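Residues per chain, in single letters:
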Amino acid sequence: MKRGRSIASLGRAPVPEWEEVARAAWPGRLPDRLVTPAGAGQLAFLVVSILALVAAAWLRLPWLGLTVWTLGALAEWLATPADSPIARLMDLVGLRYQVRALVKSLIASALIFRTVTEPWAGLAYVVVVLFVQLAWSVQPVLATWLWRSSPPLAYQPGAVGQPAALAAHVRLYARGVGYPALLLLIEFIALAKALAADDPRMGMLGSIGVIGALLVAATLAYLAWTLLEARRLRAAQRAAGESLLADLAGRDPSFVIYVSLAARQSKYIVNQWLPAFDAQPRNGILVVREASQLAPLAATRHAVVYAPTTRHVESLVLPGVRVAFYLAYGEKNANLLRDPNLLHVMLAHGDSDKATSASALVRIFDETWVAGQAGVDRFAKARIPMEPERFAVIGRPQVAGLPVGPTGQQPVVILYAPTFEGYYEQTTHSSLDSMGVDLIRRLLADRPDVQVWFRPHPSSGVLRPSMLTAIDEITDLLKAAPGGHQISTGGGSTLTECLVRADVLVSDVSSVVSDFLQTERPVVVCDPDGLSAEEFARRYPSQAGSYRLTPGLPELDGVLADALGADPLRARRVEMKRYVLGDPPGGPQAAFAANVARVTAAS
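Presented here is an overview of the structure given in this document. (Residues numbered from 1 in each chain as written. Predicted model: local features only at pLDDT ≥ 70, side-chain atom pairs only at ≥ 80, totals over all residues. Heavy atoms only, no water.)

**Describing the pattern of salt bridges**
Thinking step 1. Scanning the entire structure with this criterion turns up 30 salt bridges.
Thinking step 2. Across the pair arginine 396 and aspartate 515 runs a salt bridge, and its minimum N-O distance is 2.8 Å. Taken together, the residues arginine 396 in the loop between strand E8 (391-393) and strand E9 (413-417) and aspartate 515 in helix H18 (residues 511-516) connect sequence positions 119 residues apart. The exposure classification of arginine 396 matches that of aspartate 515, with both residues buried. (Salt bridge = Lys/Arg side-chain N within 4 Å of Asp/Glu carboxyl O. Helix = DSSP H or I, 4+ residues; strand = E, 2+ residues; numbered from the N terminus. Buried < 20%, exposed > 50% of the residue type's maximum accessible area, 1.4 Å probe, protein only.)

This is the structure in structure tokens:
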């Protein structure tokens, strides 16, 4: 497999919390048809604009320089909402928007000094640039200052318009990201005037000194306006926080869904539980601790509140709240677990034989809700003492709607849905970068009669750039092959839609395999460690009904023949379905609802 095919394969660098808030509800949204290409070509536009500016200065071509500077600045401004991995990486190494703009301004200064005879033209432009840089530098400082004192803020997932308090904060935060449009316009006027200083026809617009002074005054006015707005917002924060708490109290919430996760994991951890919670008659609050979780959230009828500090969390535990639900072992869980007045319930986000499904950390929760008996047995196998009354077997509400049995469709669909690399060596189960490319290449060459669907885990590449390179290679293979193959990376079909259509699932040790058991269709699980059959069965007992592939794929032909033919493991798989996913009376939705009612009932 090729390595490091693009800089973007290095992944997304972190940004300040206030910037994540701004990006979750970006103000004045631009059309995607402009933003997307600008973001994709951001690095190319930057390099080309710098080289072209140097050439214009060297060749003494002022109007070429002005055109290049303007197009480069517009490209950067359009690319800001795209939040591309390239932009984040440049920010991480110190090449933020402001620095990139300053580099181009210095080259533009050289262009003026080489082409304009008016002695004050270059100096006037430099003075304007210095004031623009001053006003620009203050914006991230204001954003940080305001964020540190911000109250908890209500957020509406998927909505264009956000609650007034959040919208006001976002507008100020956004000025600390990218190139403020007004400052761009001010510098453009200064550069255009300086380059035209030798043209007598431009004299009617005023002297260099007068225009420069007006532009500096406009820059200072912008700075003063943003300072005053920041102070006004800070003064209004207490009232905004009290208003939010009063609104939440009117909803009479009885539970909290606590969201503290690694970056952007709400897309697949939180969203899968929202339909189950939305179906409950009681109201709840989603308390979101990290701003990166906001944008991926799906719409929900429950209140969503961004609460980055412990004090925020404390204030959101209203008198009627009796239960806190947790979906992962987030580092900030302790901020709420310290409250002895709540019942703390771990739901987790999926069922699998990964080590995280049986962690000793679960003992700090009052109850653990599992899908089936497999979830209970894992703790005993891991020698983690758990009293039986601390478990509730609820089934898996997320798979209740998956159809059971063969699809009967033609062509047959094989879904390859590898997991991500995991954050620990114990949870490194992904086949994506070690077996995935060869698997897809073999499927396309040996089974042209099947349709391949590809859906990698959304967090693929969080630690290993080779995962993103593998995604690129598989995507290229499927796009080049005939047969209507489908790719779902970052969009397209949801996981549920993919599982509905799949005749055969190829995956790794993960909750995707457990969920697909609901359909009773063939499962092929990859074993990138190449364990012996006995050791694999001992470590991963819920895979007893799955066909297995090891590195080099020597079993592939036989596995596909069985999975697409007689399917000798079907009976074992049906048995695993009951063991892993449970079989609660009335179904998992009813079992989940009954347990929510139990723990939220007034004592």
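**Details of empty space enclosed by the protein**
Thinking step 1. The full count for this structure, using the stated rule, is 3 cavities of 30 Å³ or more.
Thinking step 2. Reported here for the largest cavity is a volume of approximately 80 Å³.
Thinking step 3. In this structure, the largest cavity is lined by Trp69, Ala73, Glu76, Tyr97, Arg100, Ala101, Lys104, Ser105, Trp136, Tyr179 and Glu187.
Thinking step 4. At the level of secondary structure, the elements contributing two or more residues to the lining of the largest cavity comprise helix H4 (62-79) and helix H6 (97-115).
Thinking step 5. Ranked by residue count, the leading element in the lining of the largest cavity is H6, at 5 residues.
Thinking step 6. When grouped by side-chain class, the residues that make up the lining of the largest cavity number 6 nonpolar, 1 polar and 4 charged.
Thinking step 7. A volume near 50 Å³ is recorded for the second largest cavity.
Thinking step 8. Around the second largest cavity, the lining residues are Ala121, Ala124, Tyr125, Val128, Ala190, Lys193, Ala194, Ile208, Ile211, Gly212 and Leu215.
Thinking step 9. Partitioned by chemical class, the residues of the lining of the second largest cavity number 9 nonpolar, 1 polar and 1 charged. (1 Å grid on protein atoms, 1.4 Å probe; cavity = no way out; pocket = protein on both sides within 12 Å on 5 of 7 lines; lining within 4 Å. Points joined across faces, edges and corners; volume = space filled by probe spheres on them. Nonpolar A, V, L, I, M, F, W, Y, C, P; charged D, E, K, R; others polar.)

**A word on the pairing of strand E2 (residues 255-259)**
Thinking step 1. Along E2, 5 of the 5 residues are buried, which leaves the element largely enclosed by surrounding structure.
Thinking step 2. Neither face of E2 is left uncovered, since the one carrying Phe255, Ile257 and Val259 and the one carrying Val256 and Tyr258 both have all their residues buried.
Thinking step 3. Bridge count for E2 against strand E3 (residues 284-288) is 5 bridges, and the pairing is parallel. Paired with tyrosine 258 across the bridge in E3 is valine 287.
Thinking step 4. Pairing of E2 with strand E5 (residues 323-326), which is carried by 4 bridges, proceeds in the parallel orientation. The residue of E5 that forms the bridge with phenylalanine 255 is valine 323. (Pairing = 2+ DSSP bridges.)

**Structural notes on the packing of H4 against H6**
Thinking step 1. Running from N to C, H4 and H6 cross one another at 170°; their axes reach a closest spacing of 10 Å. Here H4 is positioned roughly antiparallel relative to H6, judged by the angle of their axes. Taken together, the residues of H6 that come into contact with H4 (itself represented by Pro62, Gly65, Trp69, Gly72, Ala73, Glu76 and Ala79) are Tyr97, Arg100, Lys104, Ser105, Ala108, Leu111 and Thr115. (Axes fitted to C-alpha atoms, helices over the stretch in contact; angles between N-to-C directions. Parallel < 35°, antiparallel > 145°, perpendicular 65-115°, else oblique. Contact = heavy atoms within 4.5 Å.)

**Quick look at the nonpolar core**
Thinking step 1. The biggest cluster of nonpolar side chains holds 90 residues, and the ones touching the most others in it are Tyr125, Phe325, Leu347, Trp369 and Phe592.
Thinking step 2. When residues in this core are grouped by element, the largest group, 12 residues, is from helix H7 (residues 121-148).
Thinking step 3. Once you skip the residues sitting within four places of it in the chain, leucine 347 turns out to touch Trp273, Phe277, Phe325, Tyr326, Leu327, Trp369 and Phe592.
Thinking step 4. Counting 30 residues, the second largest nonpolar core, distinct from the first, contains Met435, Ile440, Leu553 and Leu556. (Core = buried A, V, L, I, M, F, W, Y, C linked by side-chain atoms within 4.5 Å.)

**Overview of the environment of glycine 350**
Thinking step 1. Position of glycine 350 among the secondary structure elements: in the loop between strand E6 (343-346) and strand E7 (367-370).
Thinking step 2. For glycine 350, a relative accessible area of 24% puts it in the partly exposed group.
Thinking step 3. With 184 residues separating them along the chain, glycine 350 and glutamate 534 place their C-alpha atoms 25 Å apart.
Thinking step 4. Sequence-distant contacts of glycine 350, that is, excluding residues within four places in its chain, are made with Ser357, Arg396 and Ser511.

**Some points on the packing of aromatic side chains**
Thinking step 1. Under the counting rule described, the total for this entry stands at 16 aromatic pairs.
Thinking step 2. For the pair tryptophan 136 and tyrosine 179, a centre-to-centre distance of 4.4 Å together with 25° between the ring planes defines the contact as stacked. Of the two residues, tryptophan 136 is situated in helix H7 and tyrosine 179 in the loop between helix H8 (164-174) and helix H9 (181-195); the sequence distance between them amounts to 43 residues.
Thinking step 3. Ring geometry for tyrosine 222 and tryptophan 225: centres 6.0 Å apart, planes at 55°, overall tilted. With tyrosine 222 and tryptophan 225 both in helix H10 (residues 208-251) and 3 residues apart, the pair spans about one turn of that helix.
Thinking step 4. Put simply, the rings of Phe255, Trp273, Phe277, Phe325, Trp369 and Phe592 touch in pairs and so form one group of aromatic residues.
Thinking step 5. Above the plane of the ring of tryptophan 58 lies arginine 114, whose end atom (NZ or CZ) is 5.9 Å from the centre.
Thinking step 6. Cation over ring: arginine 548 sits above phenylalanine 536, and NZ or CZ is 5.2 Å from the ring centre. (Phe/Tyr/Trp six-rings, centres within 6.5 Å; stacked < 30°, edge-to-face > 60°. Lys NZ or Arg CZ within 6 Å of the ring centre and 35° of its normal.)

**With respect to unusual backbone geometry**
Thinking step 1. Residues glutamine 410 and proline 411 are joined by a peptide bond in cis, for which omega reads 0°.
Thinking step 2. Looking at where proline 411 falls in the secondary structure, it is placed in the loop between E8 and E9.
Thinking step 3. One non-glycine residue, glutamate 520, adopts positive backbone phi at about 65°.
Thinking step 4. Positionally, glutamate 520 belongs in the loop between H18 and strand E13 (523-526).
Thinking step 5. The class of glutamate 520 is buried, set by a relative accessible area of 15%.
Thinking step 6. Positive phi, normally seen in glycine, also occurs at aspartate 567, with a value near 55°.
Thinking step 7. Within the secondary structure layout, aspartate 567 lies in the loop between helix H20 (556-563) and helix H21 (570-581).
Thinking step 8. Overall, the relative accessible area of 11% leaves aspartate 567 in the buried class.

**Some remarks on a nonpolar patch on the surface**
Thinking step 1. A cluster of nonpolar side chains, contributed by Leu92, Val93, Leu95, Val99 and Val103, occupies part of the molecular surface with about 420 Å² of accessible area.
Thinking step 2. Here valine 93 is to be found in the loop between helix H5 (85-92) and H6.
Thinking step 3. Overall, valine 93 belongs to the exposed group, its relative accessible area being 63%. (Patch = residues over 30% accessible without salt bridge, like charges linked within 9 Å, V, L, I, M, F, W, Y side chains within 5 Å. Areas by Shrake-Rupley, 256 points an atom, 1.4 Å probe, with all protein chains shown as cover.)

**A short note on helix H3 (residues 42-59)**
Residue pairs spaced three or four apart in an α-helix point in one direction, given the helix's 3.6 residues per turn.
Thinking step 1. Compared with the 26 Å implied by 1.5 Å per residue over 18 residues, the 26 Å span of H3 between its first and last C-alpha is a close match.
Thinking step 2. Of all the positions in H3, only Gln42, Leu46, Ser49, Leu53, Ala56 and Ala57 are classed as buried. The buried side chains of H3 occupy one side of the element, clustering within an arc of 100° when seen end-on. Opposite the buried face of H3, by more than 90 degrees, sit the exposed residues Val48, Leu51, Trp58 and Leu59.
Thinking step 3. In this structure, the buried residues of H3 make contact with helix H2 (32-40), H4, H5 and H6.
Thinking step 4. The first or second residue beyond H3 is arginine 60, which carries a positive phi of 60°. (Expected span 1.5 Å × (residues − 1). Arc of directions from axis to C-beta.)

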